[in-house]
Amino acid sequence: MKLGFYLKCAIEGIKKNRKIYIPYILMSSVMFAMCYIIYSLKDSESVAKVSLFINAGFFPWVFAFFSGLVLFYTNSFLIKRRKKEFGLYNVLGMNKFNISKILFFETLIILAIVIIFGIIGGFLLYKLAETLLLSMLGGNIDYQLIVSSNASMWTAIVFCIIFVLIFLNSLRQISFSNAISLVKSENFGEKPPKSNIIFGIIGLLLLIFAYTLTLTATGYTMGYSFFISIILVIVSTYIIMISSSVFICKILKKNKPYYYKPNHFISISSMIYRIKRNGAGLASICVLLTMIQFIISTYMFVTFVTDDMLKCQYPQQNTQVRVTEENYERLLSGDNIKIKRELLNFAGENDVNVKNYLEYRSVSFHSYSMPIYGNKINMSGEKASYSDDEHKFIQWEIIPIEDYNKNMGTNETLNHGEAVVHMLGAEYDKDTVSFAWGDEQEKTFKIVDKQLEPMKIDRSWYIPKLVIFVSDIKEAKEIENIISRCGGGNQELISYGFQFRFDIDCPDDKTKDFIKNLREKTYEIYDNLKLKGIITNNYYQSKYVDFKDIKELLFLSIFFIILFMLVVILIMYYKQVFEGYEDANRFDIMKKVGISKREIKKSVNSQLLLTFFAPLILTGLHTIFSTIMLCRIINSDAYHDYASFVFVVATSFILLSILYCIMYKVTSKVYYNIVGGVNKN
Amino acid sequence: MSILEVNQLKKIYSTRFGGNQVEALTDVNFSVEEGEYIAIMGESGSGKTTLLNILAALDRPTSGNVVLDGKNISKIGESKMANFRRKNIGFVFQDFNLLDTFTLEDNIFLPLVLSGKKYRDMKGRLNPIAKELRIEDILKKYPYEVSGGQKQRAAVARAIITDPKLVFADEPTGALDSKSADELLRLFAKINRLGQTILMVTHSVKSASFASRVLFIRDGKIFHQIYKGNDTDLRFYEKISDTITLLASGGEM
């Protein structure tokens, strides 16, 4: 009977506080459902075939950890607000043990509701998530509906642990205070917050420093600098939101003609308190929004760059076979014809049409810090001049003009010692080009001003390339001799051999198998002809297989976006509810002094707008710089379409802002209800 | 000329679903002359606060009307009402009703700021009042930093800074210790002598004895009234006290 009483108290407690518990329960349920889904995905056989990270198994734990963290803090915040209620129980003669029984039942009831809702929600949404993931990764989608008992068990246990911790924390919060302070906990006379100018300035300087870093970092330190600047932005957001906004309000307050205006007067004075109490909350909203936007931007970035990168790598032909062969004689012997025949026969056997066939011999290599000294490319490095501009990789490809003629159907000729330079994203405006190894060897070419229609030649997406046509393969070989002397790591970068490129033309479903078989086939050729090396690349392979892992990460990040969004909603909602209760009293007083509903609404609007839109504005600023940062990572002439990347980021930011506004509108209704409700009495 | 006229005021509260009806005011009639200091007395539940709320236009009567300075306040719309209240009525409450986010000075300025006054004008108005109420030194403090008496004096300053036609006071001494209460009552008397019309609701005989006229309200009606005339505070105190005893024993006047 006794226990029944506590159970009743617990049910009443939740009911009475439904305004704050319903969102909490809903959020817990959604988190439960997401944990369940992630765990089920790990168990799914069709997912297991294609996934990398989900299979690894740690992801459900990571997600559960974050969910637990959010719920833990939310609950401790809610209990703090309910201290008065518990204080009243205490004053009425319940001891802390009795109160803890009520708390226990409350936690138990909430947990039960969360598990039921969570499993139902998880079950309903699981198929959606699985279908989405499989279609992203290209797995086989089946349409069976199953409840994973494994996943239900695991999630239920994890949430039990989370709620036990939450319960223990509530006990800790209750037991460290006496009855009177519990009753009075909301009525402390509040000091006006002190503005800490030094902190504010430090925050601002940190932010400026972080932004500058994104603008100025170059070369190898770029990734490192960007990482630091992200951390700095988060830290400074908190510092600025907490300290300098109070500072700004105080400055406004000092400006008497500005301050003593009907709409500024009330706004500014209560803003100071509001910001102080909510600085951390607002900063969290800002950081979460920024993270959401950053994930979206990164996703856009990857999809955009992937496509661009592939366009670079496969300028025309979707399939490449690259044969490396160091035996110079073989390049002249006609092995290329053998390879060509094998490839074409193989395609024919598989009913695949080959189009746009291209074949050439070349020497290609990379150089770091474009070792140009005057007009000399000196691979020894001794005379290399390193200026900032030259601080990047360059790719070189030396092709005999006869191979150009063969492919383009032209009849161009070059004399010995003459060269034509085609620049792909690189710049070279000298009259001659020399290859040297120290002072010992030197091969100089005079650059001829000959207009050749460019061959569609691949290049790495972010590395500029110089294509040099020379009179014949012999001269190419000479350059290779010079370059290969620099030895060491660079040696590996030199490839000397044949390039075969063509478009395969067959139905989509056949492409996948054909590519796989083609790879096998090239190894066969490699073995038969005893070549030094062979590489097959294919556009579809790169697009659908090599980028699969990134896509899986993106899929997982959707869960985090949802989680972050939920936290933002929760922070907003609770801010509105509790501020509503605090302000209701205040507006009641003001109404008696002589302020109309319309004026109240106006003042409230301007306050809420400012407090809620400050994070959005700062998020916008962060987004501008993160976009600049991403653009600077691309930093390549291969990528020209900054405008559409920026456009997409801007669009996604606008969508996010609209979503945020809707969230604001909905939650501010709660606020007006509370404020208006008290006024009626 | 009477500054406030109350005619056949009636207020009926009904529960939300129109169930029980409670008649808070049945038929209230009285008028207030300029410069008067009136106390309205009655037990709790007698309809004092309802009356005051209607007079201050915080609540609407079921029937009857209130005419303040020749204007029927039930006819003023909600948006104009706030402005009207700000300009014509000062309010002093039992629990001070100061805003905790403002300094005392800003609390006092609140109605003026809402009327769009300049800082210099407001400061000019505040200086003599602050001196009179002896709150000059604490103007920059926040409500939680000062005593109850000081808070109430600041509230009085807020009520009179707009130079209102009428000051309403709802149990102004209710939350004060006796010393602060006495001080506040003397202050009211002083303000009244300077020409301010005051209407105070109270159930403290002591408070009422400072007034120039006392109205007794019972069961939603003005039941009786007595004038101070040339009586001393002490003599008037006894008169009021006797009246209450009579009323409490159910006697008819």
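Computed from a predicted model, the values in this text were never measured in an experiment.

A few words now on the overall build of chain B. Helix and strand content of chain B: eight helices and ten strands. Taking 18 Å as the expected radius of gyration for a compact globule of 253 residues, we find that chain B reaches 18 Å, a close match to that expectation. For chain B, the C-alpha atoms occupy an extent of roughly 55 × 45 × 35 Å along the three principal directions. Counting all 253 residues of chain B, 44% fall into the buried class. A fraction of 72% describes how many contacts in chain B between residues 6 or more apart in sequence connect residues 24 or more apart.

Let us now look at the overall build of chain A. Within chain A, the regular secondary structure consists of 22 helices and eleven strands. Buried residues in chain A amount to 37% of all 681 residues. For chain A, contacts bridging at least 24 residues in sequence account for 84% of all contacts bridging at least 6.

Let us now look at the interface of chain A and chain B. Of the residues lining the interface, 21 residues belong to chain A; the matching set on chain B comes to 24 residues. Contributions of two or more residues to the side of chain A that touches chain B are made by helix 11 (256-259), helix 12 (262-313), helix 20 (548-594) and helix 21 (597-634) of chain A.

Another aspect to go through is the nonpolar core. In this structure, B:Ile38, B:Ala157 and B:Phe168 are the most contacted members of the largest nonpolar core, which totals 93 residues. Tallying contributions element by element places helix 3 (residues 104-114) of chain B first for this core, with seven residues. Once you skip the residues sitting within four places of it in the chain, B:Phe168 turns out to touch B:Leu52, B:Leu55, B:Ala56, B:Ile89, B:Phe91 and B:Leu199. Listed in part, the 79 residues of the second largest apolar core include A:Ile110, A:Ile239, A:Tyr314 and A:Met572.

In this model helix 16 (residues 473-484) of chain A runs 16 Å from its N-terminal to its C-terminal C-alpha over twelve residues, within 8% of the 16 Å that 1.5 Å per residue would give. Those residues of helix 16 of chain A not exposed but buried are A:Ile473, A:Glu475, A:Ala476, A:Ile479, A:Glu480, A:Ile482 and A:Ile483.

Turning to the pairing of strand 3 (residues 37-41) of chain B, a few remarks are in order. Residue and element names in this part refer to chain B. For strand 3, the tally of buried residues reaches five of five residues, placing the bulk of the element in the interior. Of the two faces of strand 3, both are covered, the one formed by Tyr37, Ala39 and Met41 as well as the one formed by Ile38 and Ile40. Pairing analysis gives four bridges linking strand 3 to strand 9 (residues 213-218), with the strands arranged parallel. Paired with Ile40 across the bridge in strand 9 is Leu215.

The next point concerns the pairing of strand 8 (residues 197-202) of chain B. Residue and element names in this part refer to chain B. Extensive coverage of strand 8 is indicated by the burial of six of its six residues. Along strand 8, one buried face is formed by Thr197, Leu199 and Val201 and the opposite face, lined by Ile198, Met200 and Thr202, is buried too. For the crossover that starts at strand 7 (residues 166-170), traverses helix 6 (residues 178-193) and ends in the parallel strand 8, the hand is right-handed.

Residues and elements named next belong to chain A. In this structure, Leu608 sits in helix 21. For Leu608, a count of 21 C-beta atoms within 10 Å corresponds to the buried category. The sequence separation of Leu608 and Lys548 amounts to 60 residues, and the corresponding C-alpha distance is 44 Å.

Residues and elements named next belong to chain B. Taking 1.5 Å per residue as the helical rise, helix 6 with its 16 residues ought to reach 22 Å, and the 22 Å between its terminal C-alpha atoms agrees with that figure. Every buried residue of helix 6 is accounted for by Ala181, Leu184, Leu185, Phe188, Ile191 and Asn192. Projected down its long axis, helix 6 carries its buried residues within an arc of 120 degrees, all on one side. Facing away from the buried surface of helix 6 by more than 90 degrees, the exposed residues are Lys179, Arg186, Lys190 and Arg193. The elements touched by buried residues of helix 6 are strand 3, helix 5 (148-160), strand 8 and helix 7 (205-208).

Moving on, we come to the confidence of the model for chain B. Across chain B, pLDDT averages 86, with 96% of residues at or above 70. Predicted complex metrics record ipTM = 0.78 and pTM = 0.74.

Residue and element names in this part refer to chain A. Within the secondary structure, Ile515 is located in helix 18 (residues 508-529). Along the backbone, Ile515 and Thr536 are 21 residues apart, and their C-alpha atoms lie at a distance of 9.0 Å. In this view, Ile515 contacts Asn538, Tyr540 and Gln541; residues no more than four positions away in its chain are not counted.

Quick look at unusual backbone geometry now. Residue and element names in this part refer to chain B. Non-glycine residue Asn97 carries a positive phi angle of around 50 degrees. Residue position: Asn97 is located in the loop between strand 6 (89-92) and helix 3. With 21 C-beta atoms packed within 10 Å, Asn97 lands in the buried category. Residues other than glycine seldom take positive phi values, yet Glu171 does so here, at roughly 45 degrees. With respect to the secondary-structure elements, Glu171 resides in the loop between strand 7 and helix 6. Residue class for Glu171 comes out buried when judged on the 20 C-beta atoms lying within 10 Å of it.

Residue and element names in this part refer to chain B. For Leu25, the location among the structural elements is in strand 2 (residues 21-33). Sequence separation between Leu25 and Lys48 is 23 residues, and the spatial gap between their C-alpha atoms is 8.9 Å. When residues no more than four places from it in sequence are discounted, the contact partners of Leu25 are Leu9, Lys10, Lys11, Gly47, Thr50, Leu51 and Gly220.

Here we take up the packing of helix 2 (residues 18-43) of chain A against helix 7 (residues 149-175) of chain A. Residues and elements named next belong to chain A. Between helix 2 and helix 7, the least distance of the axes is 9 Å, while the angle of their chain directions is 140 degrees. By the criterion of interaxial angle, the relationship of helix 2 to helix 7 is oblique. Crossing hand, helix 2 versus helix 7: right-handed. In this structure, helix 2 contributes Phe32, Cys35, Tyr36, Tyr39, Ser40 and Asp43 to the contact, and helix 7 contributes Asn150, Ala151, Ser152, Trp154, Thr155, Val158 and Phe159. Taken together, the residues of the contact of helix 2 with helix 7 break down into eight nonpolar, four polar and one charged.

All names here are of chain A. At a closest axis distance of 11 Å, the pairing of helix 14 (residues 335-349) and helix 18 adopts a crossing angle of 150 degrees. Regarding the angle of helix 14 to helix 18, the classification is roughly antiparallel. Handedness of the crossing formed by helix 14 with helix 18: right-handed. Taken together, the residues of helix 18 that come into contact with helix 14 (itself represented by Asp335, Lys338, Ile339, Glu342 and Phe346) are Leu518, Lys521, Ile525 and Leu529.

Analysis parameters
- Residues numbered from 1 in each chain as written.
- Chains lettered and ligands numbered in written order.
- Predicted model: local features only at pLDDT ≥ 70, side-chain atom pairs only at ≥ 80, totals over all residues.
- Helix = DSSP H or I, 4+ residues; strand = E, 2+ residues; numbered from the N terminus.
- Rg over C-alpha atoms; globule rule 2.2 N^0.38 Å.
- Buried ≥ 20, exposed ≤ 12 C-beta atoms within 10 Å, placed from the backbone.
- Contact = placed C-beta atoms within 7 Å.
- Core = buried A, V, L, I, M, F, W, Y, C linked by C-beta atoms within 7 Å.
- Expected span 1.5 Å × (residues − 1).
- Pairing = 2+ DSSP bridges.
- Right-handed = clockwise from strand over helix to strand, strands pointing away.
- Arc of directions from axis to C-beta.
- pLDDT = per-residue confidence, 0-100.
- Axes fitted to C-alpha atoms, helices over the stretch in contact; angles between N-to-C directions.
- Parallel < 35°, antiparallel > 145°, perpendicular 65-115°, else oblique.
- Left-handed = near helix turned anticlockwise from the far one by under 90°.
- Nonpolar A, V, L, I, M, F, W, Y, C, P; charged D, E, K, R; others polar.

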